[in-house]
Amino acid sequence: GMEGKMGFLRIAGAVMLATAMGCLAGCGGSSGTKSIVVADCTNNRVMVFPDAFTTDESATVVLGQANATSNLFNQGLAAPTASTLGNPYGVSELISGKDKGLLIVADANNCRVVAYKPPFTTGMAATSVIGEPNLTTANCLIGATATATSLFGPTSSVADSKGNLWVADVDDNR
């Protein structure tokens, strides 16, 4: 079975559950914790489930929100912080190199990719960012020229066996 409840739709004003998800945009695993990690984009969070394929299991960790029942874009703040997400789409884990074990999240509507260092805890802050100068900026410059340090709508990331991180930056067509 799939983690969460695929048929449960988010309704404005409804209470969110640790097993209820909106769009499932990305799914990965964490070898260090033997967990399944799911990007729940419409609820602006990433959910970590402790065991693979356990029916009706609740997430034990929620990233991007302070708890499992919140779902506001950037937690309702005007700008992102190290602890918020805005439509996360892809998750992956660095599997080699000096940063092995980092959980990488493509935070699409904040135009950045953020990294979380284990052990993972609900509401924890990301430790680093690419695509933005810091963890509190979201310069999604529509029509601006892409640069080597900018992202505009990253939707997925994957790490190769050499520790390189590959990011799909869809709104910059690269």
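Here the structure is a predicted model, which is why all the values come from computation and not from measurement.

Q: Is there a simple way to explain the sheet that holds strand β5 (residues 88-93) in this structure?
A: Adjacent strands of a sheet pair through backbone hydrogen bonds, lying either parallel or antiparallel. Taken together, four strands build an open sheet; the order of strands is β5-β6-β7-β8 and the sheet is antiparallel. Only two strands of the sheet have a single partner each, and these edge strands are β5 and β8 (128-130). Averaged over neighbouring strand pairs, the angle between their axes works out to 20° when direction is ignored. As defined by bridge partners, strand β6 (residues 103-107) adjoins strand β7 (residues 112-116) across five bridges and the pair is classed as antiparallel. The residue of β7 that forms the bridge with Ile104 is Ala115.

Q: How should I be thinking about the side chain of Thr84 in this particular structure?
A: When you line up the elements, Thr84 lands in the loop between β4 (61-63) and β5. Under the relative-accessibility criterion, Thr84 is labelled buried at 1%. A distance of 2.9 Å separates the side chain of Thr84 from the backbone nitrogen of Thr81, its partner in a polar contact. Discounting chain neighbours no more than four positions away, the residues touching Thr84 are Gly64, Asn74, Gln75, Leu77, Asp107 and Arg112.

Q: Would you mind going over the pairing of β6 with me for this structure?
A: A regular strand places its side chains so that they alternate between the two faces of the sheet. Here β6 lies mainly inside the structure; five of its five residues are buried. Burial of β6 is two-sided: the residues Leu103, Val105 and Asp107 facing one way and the residues Ile104 and Ala106 facing the other way are all buried. Looking at chain direction, β5 and β6 are connected through five bridges and run antiparallel. By the bridge assignment for β6, Glu93 is matched with Leu103. Connecting the antiparallel pair β6 and β7 is a turn made up of four residues, with Cys111 showing a positive phi of about 55°.

Q: So what exactly am I meant to see when it comes to the state of the cysteines here?
A: Throughout this description, disulfide means a covalent bond between two cysteine sulfur atoms. By the definition in use, this model includes one disulfide. Cys111 shares a disulfide with Cys140; S-S distance 2.0 Å. Taking the sign of the S-S torsion, about 125° here, the bridge from Cys111 to Cys140 comes out right-handed. Here the residue Cys111 occupies a position in the loop between β6 and β7, and Cys140 occupies one in the loop between β8 and β9 (154-159), the gap between them amounting to 29 residues.

Reading the values: rules and limits
Residues numbered from 1 in each chain as written. Predicted model: local features only at pLDDT ≥ 70, side-chain atom pairs only at ≥ 80, totals over all residues. Heavy atoms only, no water. Pairing = 2+ DSSP bridges. Helix = DSSP H or I, 4+ residues; strand = E, 2+ residues; numbered from the N terminus. Axes fitted to C-alpha atoms, helices over the stretch in contact; angles between N-to-C directions. Buried < 20%, exposed > 50% of the residue type's maximum accessible area, 1.4 Å probe, protein only. Polar contact = N/O pair within 3.5 Å; in protein donor to acceptor, adjacent residues only side chain to side chain. Contact = heavy atoms within 4.5 Å. Disulfide = S-S within 2.5 Å.

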